[in-house]
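Here is what each chain is made of, one letter per residue.
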Amino acid sequence: DDAAAYGGVWEAPACSLRGPGVWRCVFRPRMAVRSGPGPDSRILRSLRFGEEVEAECEVGAGWLKLRGGGFARIRDDGHGQLLEEVVGKSKLAASQDSASATAELAEPAEPRHVPAGWRERGS
């Protein structure tokens, strides 16, 4: 239990070191994203090799607080480097740029023809 791992009181750690940034998983085949900054915290999900994530900040002891929830370790003594900071244009930023450009170019959707007296479910 996460609370027990932190003396029975759970409090999200404050950002202490690096600020926001994009990080890439460099560990194969995947690594854990945990509910707290510790190896005994519950696993929430995993990051696949090459996957990029946005971090809000580093919370100390080599852990990143991820945007959208969870914590990921940068380096592990037993496994080595797990994440590396992306410098320059990341795949994540490129896909976000592409999505916003596509949305700007998209034509507005044609209104659907709904027969008289019909209505959508739930309305």
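One can find the structure itself at the top, above this paragraph.
Residues numbered from 1 in each chain as written. Predicted model: local features only at pLDDT ≥ 70, side-chain atom pairs only at ≥ 80, totals over all residues. Heavy atoms only, no water.

(A) Spotlight on the overall build of the chain. Assigned secondary structure in the chain consists of two helices and nine strands. Put simply, the chain runs from its N terminus to its C terminus through helices and strands in the order α-β-β-β-β-β-β-β-β-β-α. The 123 residues of the chain split such that 29% are buried. Taking the contacts inside the chain whose residues are at least 6 apart along the sequence as the reference set, 56% of them involve residues at least 24 apart. About 8,500 Å² of surface is accessible on the chain, with carbon and sulfur atoms providing 52% of the total. (Helix = DSSP H or I, 4+ residues; strand = E, 2+ residues; numbered from the N terminus. Buried < 20%, exposed > 50% of the residue type's maximum accessible area, 1.4 Å probe, protein only. Contact = heavy atoms within 4.5 Å. Areas by Shrake-Rupley, 256 points an atom, 1.4 Å probe, with all protein chains shown as cover.)

(B) The arrangement of unusual backbone geometry in detail. A cis geometry characterises the amide bond from Arg 28 onward to Pro 29, with omega recorded as -5°. With respect to the secondary-structure elements, Pro 29 resides in the loop between strand 1 (21–25) and strand 2 (30–34). Look at Ala 61: it is not a glycine, yet its phi comes out positive at around 55°. Position of Ala 61 among the secondary structure elements: in the loop between strand 4 (52–60) and strand 5 (63–66). Classification of Ala 61 by relative accessible area gives exposed; the value is 70%.

(C) Spotlight on the environment of Leu 17. Looking at the secondary structure, you find Leu 17 in the loop between helix 1 (2–5) and strand 1. Each C-alpha atom of the pair Leu 17 and Leu 64 lies 9.6 Å from the other, and the pair is 47 residues apart in sequence. Those residues within four positions of Leu 17 in sequence are excluded, and the remaining contacts are Glu 58 and Gly 60.

(D) Broad picture of the nonpolar core. Core analysis: the biggest nonpolar cluster contains 13 residues, and Trp 23, Met 31, Leu 47, Leu 64, Leu 66 and Leu 83 have the highest contact counts within it. In this structure Leu 47 touches Cys 25, Pro 29, Arg 30, Met 31, Val 33, Val 53 and Leu 83, once residues within four positions along its chain are discounted. (Core = buried A, V, L, I, M, F, W, Y, C linked by side-chain atoms within 4.5 Å.)

(E) View of the packing of aromatic side chains. Under the defined criterion, the tally for this structure stands at zero aromatic pairs. A cation sits over an aromatic face here: Arg 28 above Phe 49, 3.7 Å from the ring centre. (Phe/Tyr/Trp six-rings, centres within 6.5 Å; stacked < 30°, edge-to-face > 60°. Lys NZ or Arg CZ within 6 Å of the ring centre and 35° of its normal.)

(F) Up close: the environment of Glu 52. Topologically, Glu 52 is positioned in strand 4. The sequence separation of Glu 52 and Leu 83 amounts to 31 residues, and the corresponding C-alpha distance is 9.1 Å.

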